[in-house]
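# A look at the structure
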Amino acid sequence: MVVRFYAAAVLFDALRDGRRFRTLNVLNDYNRQALGIDVDYSLPTKRVIRFLEQLIESYGKPACLHCDNGPRGGRLSLSVRH
C-alpha cells in the first residue's frame with residue numbers, strides 16, 4: 001500500500017480588468033506532482049469537494065490532506081478515513 005499525502009493551496013490573482021480569480025492547486029506532497037488545478041472566479045465548498053473526489057478517483061485516496069492558509073498563517077492537516 002502506498003501512503004499518499006496531498007497538499008492543497010488556494011491562490012488569488014486578478015485579471016487586467018480587475019476581476020479576481022482563484023486557483024485550487026493540489027499536489028502529491030512526496031514527489032510534488034501537480035494532481036490538479038481548478039480555476040474560477042469563485043470556488044464554493046461543493047465544487048472543491050467534487051474536485052477532490054475526482055482526484056481521489058484518478059489517483060487514489062490520500063492518507064492525509066495538508067491545507068496551507070497562505071501568508072495569514074496556519075496550516076491544517078486532515079486525516080482521510082479509509
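In short, a report on the structure. Throughout this document, residue positions are counted from 1 along each chain, in the order its sequence is written. Per-residue local features are limited, in this predicted model, to residues with pLDDT of at least 70; the limit for side-chain atom pairs, both in listing and counting, is 80 or more; totals at the level of whole chains, interfaces and linings are taken over all residues. As a rule here, side-chain values cover all heavy atoms of the structure and leave hydrogens and water aside.

Attention now moves to the environment of Phe12. Helix and strand assignments come from DSSP, with helices taken as H or I runs of at least 4 residues and strands as E runs of at least 2, each series counted from the N terminus. Positionally, Phe12 belongs in strand β1 (residues 5–14). Taking the C-alpha atoms as reference points, Phe12 and Tyr41, 29 residues apart in sequence, are found 9.4 Å from one another. Any pair of residues with heavy atoms lying within 4.5 Å of one another is described as a contacting pair. Leave out the neighbours within four places in its chain, and Phe12 touches Arg20, Phe21 and Arg22.

This part covers the pattern of salt bridges. The term salt bridge refers to a pairing of a side-chain nitrogen on Lys or Arg with a carboxyl oxygen on Asp or Glu at a separation within 4 Å. Going through the model one piece at a time under the given rule, you end up with four salt bridges. Notably, a salt bridge pairs Arg47 with Asp38, separated by 2.7 Å at the nearest N-O pair. Exposure class is identical for Arg47 and Asp38. Each is buried. Across the salt bridge formed by Arg47 and Asp40, the nearest N and O atoms sit 2.4 Å from each other. Buried means the residue's accessible area, taken with a 1.4 Å probe over protein chains only, is under 20% of the maximum for its type, while exposed means over 50%, and partly exposed covers the values in between. Here Asp40 falls in the partly exposed class, since its relative accessible area comes to 28%.

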